[in-house]
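# Structural overview for review
Chain by chain, the residues:
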Amino acid sequence: MSKKQTVFNLLFLVIVFGLTVYLVFRGKDIGDIIRTAREADGRYLLLSLVCVVFFILGESVIIFYMMKTLGASVKMTHCALYSFVGFFFSCITPSASGGQPMQIFYMKKDKLPIPVTTLVLMIVTITYKAVLVVIGVLICFLGGDFLRGYLGDYMWVFYLGVGLNVFCVTFMMILVFAPGLAKWIMVKGLKIIEHVRILKPKKARLEKLEASMDQYHATAALRGHPQRGSKKRIILNVFIITFVQRCILFTVTYWVYRALGLHEYGILTVTILQAVISVSVDMLPLPGGMGISETLYMVMFVPVFGPLLLPSMLLSRGISYYGQMLISALMTCVAHLTIGRKNEEIQRM
């Protein structure tokens, strides 16, 4: 990611954050909201922060497991740093688009093979979104009436989120497991766009696209690497770890609920409602779903938190998103200072 892109993303983040704060807290007594948040039970807030860290480290476990499965030599501590880097740049870029390119950048500094790292991160992304798809589809079929009672007129946002995640997972699975078909679709799509004059025909653009698809083709065959188990078992293990990882993050709102001294709702209900928000906003082109996440929160959690709605949102979003971003930013600095340093020193000698 270039410096101009980084500056643009940070500027965009600040603007969206400023608008979100203005729209959410306009006309409210911010001092009273902050005082209420400060009176929350620190033990539960600490537990929610631990959940955020475990959520991030869950991805590092998957990366380490996949790398070892594919025969790559990697340190667990570096896998943890890759995860922090990925989550930081995902937090500050629209649709979390900047996370994986930066992870590949740091993995390259560790001399890890690009085809292997690309495959690992593709599978991480597929399972990450597939968990949301499974959760979303289950809620659609088993809890539609339950959800309408909380979302009301915003049900369309949930359906849109499920649809976008289904499309994304389907396309990425084709990209990884049927690269020939993916190449045909992408090349055909580009030719159609050029034919209707949305883009001017350029041979160089087509050649670049074909070269990119050929690179993905090289990453697609799990069978070409040393394995400790079948492909199905590997994917299943990654899916289970990812499911646990995501559920851990979804519980943050429940621990905030308990921190504010509330007990009426159980952990399952609050966790499902938070999962619905994540499913709805995950694919939207906003950093961390900022703005729409707060809107859905204020709609869905009214019966749960009542008059404590705004303090709860301040704590829940503050820990699950902004806390995640700050922790990841700190560890990204550590990654920048440590990863690849030995290789750079050897090259200077």
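This text gives an overview of the structure that appears in the document. (Residues numbered from 1 in each chain as written. Predicted model: local features only at pLDDT ≥ 70, side-chain atom pairs only at ≥ 80, totals over all residues. Heavy atoms only, no water.)

We now examine the overall build of the protein chain. Scanning the protein chain from terminus to terminus reveals 17 helices and 0 strands. Expressed as a percentage of its 349 residues, the buried residues of the protein chain come to 46%. In the protein chain, 75% of the contacts between residues at least 6 apart in sequence involve partners at least 24 apart. When the accessible area of the protein chain is evaluated, it comes to approximately 17,800 Å², of which 68% is carbon and sulfur surface. (Helix = DSSP H or I, 4+ residues; strand = E, 2+ residues; numbered from the N terminus. Buried < 20%, exposed > 50% of the residue type's maximum accessible area, 1.4 Å probe, protein only. Contact = heavy atoms within 4.5 Å. Areas by Shrake-Rupley, 256 points an atom, 1.4 Å probe, with all protein chains shown as cover.)

Right, let's talk about unusual backbone geometry for a bit. Even without being glycine, lysine 111 reaches a positive phi, approximately 65 degrees. Structurally, the position occupied by lysine 111 is in the loop between α5 (99-109) and α6 (114-142). Residue class for lysine 111 comes out exposed when judged on its relative accessible area of 55%.

A few words on the side chain of serine 83. In this structure, serine 83 sits in helix α4 (residues 76-92). By relative accessible area, serine 83 is classed as buried at 0%. Each residue touching serine 83, except ones within four places of it in the same chain, is listed here: Ile56, Glu59, Ser60, Ile63 and Gln103.

Attention now moves to the pattern of salt bridges. Inspection of every chain in the model, using the stated rule, returns 2 salt bridges. Taking the shortest distance from any N to any O, the salt bridge between arginine 317 and glutamate 294 comes out at 2.9 Å. You can see arginine 317 sitting in helix α16 (residues 309-338) and its partner glutamate 294 sitting in helix α14 (residues 292-300), a full 23 residues away along the chain. Taking relative accessible area as the criterion, glutamate 294 reaches 4% and is therefore assigned buried. (Salt bridge = Lys/Arg side-chain N within 4 Å of Asp/Glu carboxyl O.)

All right, on to helix α3 (residues 42-69) then. Its 28 residues place the ends of α3 40 Å apart at the C-alpha level, agreeing with the 40 Å of an ideal helix rising 1.5 Å per residue. Positive phi shows up at glycine 71, right after α3, with a value of about 85 degrees. (Expected span 1.5 Å × (residues − 1).)

Leu147, Leu151, Phe158, Met300, Phe301, Val304 and Phe305 are the most contacted members of the largest nonpolar core, which has 53 residues in total. When residues of this core are assigned to their parent elements, the largest contribution, 7 residues, is made by helix α13 (residues 267-281). In contact with leucine 147, other than residues within four places in its own chain, are Ile139, Gly152, Met155, Phe158, Val276 and Met300. (Core = buried A, V, L, I, M, F, W, Y, C linked by side-chain atoms within 4.5 Å.)

Let us now look at the packing of α3 against α4. With their axes 8 Å apart at the nearest point, α3 and α4 run at an angle of 125 degrees to one another. Classed by the angle they form, the pair α3 and α4 counts as oblique. Two packed elements cross with a definite hand, and for α3 against α4 that hand is right-handed. When α3 is examined against α4, the residues Phe55, Ile56, Leu57, Glu59, Ser60, Val61, Ile63 and Phe64 are found in contact with a partner set consisting of Met76, Cys79, Ala80, Tyr82, Ser83, Phe84 and Phe87. Looking at the contact of α3 with α4 residue by residue, the class counts come to 12 nonpolar, 2 polar and 1 charged. (Axes fitted to C-alpha atoms, helices over the stretch in contact; angles between N-to-C directions. Parallel < 35°, antiparallel > 145°, perpendicular 65-115°, else oblique. Left-handed = near helix turned anticlockwise from the far one by under 90°. Nonpolar A, V, L, I, M, F, W, Y, C, P; charged D, E, K, R; others polar.)

On inspection of all chains with the given rule, the structure shows 15 aromatic pairs. Geometrically, the ring pair formed by tyrosine 44 and tryptophan 255 is stacked, given 6.2 Å between the ring centres and 10 degrees between the ring planes. With tyrosine 44 in helix α3 and tryptophan 255 in helix α12 (residues 252-259), this pair connects stretches of sequence that are 211 residues apart. Since its relative accessible area comes to 21%, tyrosine 44 is described here as partly exposed. Exposure remark for tryptophan 255: the relative accessible area of 18% places this residue in the buried category. Their ring planes at 65 degrees and their centres at 5.1 Å tell us that tyrosine 254 and tryptophan 255 sit as a pair that is edge-to-face. Among the aromatic side chains, those forming a connected cluster through ring pairs are Tyr44, Tyr254, Trp255, Tyr257, Tyr265, Tyr297, Phe301 and Phe305. Lying over the aromatic face of tyrosine 128, arginine 246 brings its terminal NZ or CZ to 3.8 Å of the ring centre. (Phe/Tyr/Trp six-rings, centres within 6.5 Å; stacked < 30°, edge-to-face > 60°. Lys NZ or Arg CZ within 6 Å of the ring centre and 35° of its normal.)

Checked against the element boundaries, phenylalanine 84 lands in helix α4. When the C-alpha positions of phenylalanine 84 and alanine 329 are compared, they lie 7.5 Å apart, and in sequence the two are 245 residues distant.

Let us now look at the packing of α4 against α5. The geometry of α4 relative to α5 is characterised by a closest axis approach of 7 Å and an angle of 150 degrees between their N-to-C directions. Classed by the angle they form, the pair α4 and α5 counts as roughly antiparallel. The element α4 and its partner α5 pack so that their crossing is right-handed. On α5, the residues that touch Tyr82, Ser83, Val85, Gly86, Phe89 and Ser90 of α4 are Gly99, Met102, Gln103, Tyr106 and Met107.

Our next topic: the environment of isoleucine 339. Assignment of secondary structure puts isoleucine 339 in the loop between α16 and α17 (341-348). Residue class for isoleucine 339 comes out buried when judged on its relative accessible area of 0%. Note: C-alpha distance between isoleucine 339 and histidine 78 (261 residues apart in sequence) is 7.4 Å. Discounting chain neighbours no more than four positions away, the residues touching isoleucine 339 are His78, Leu81, Tyr82, Tyr106, Lys109 and Asp110.

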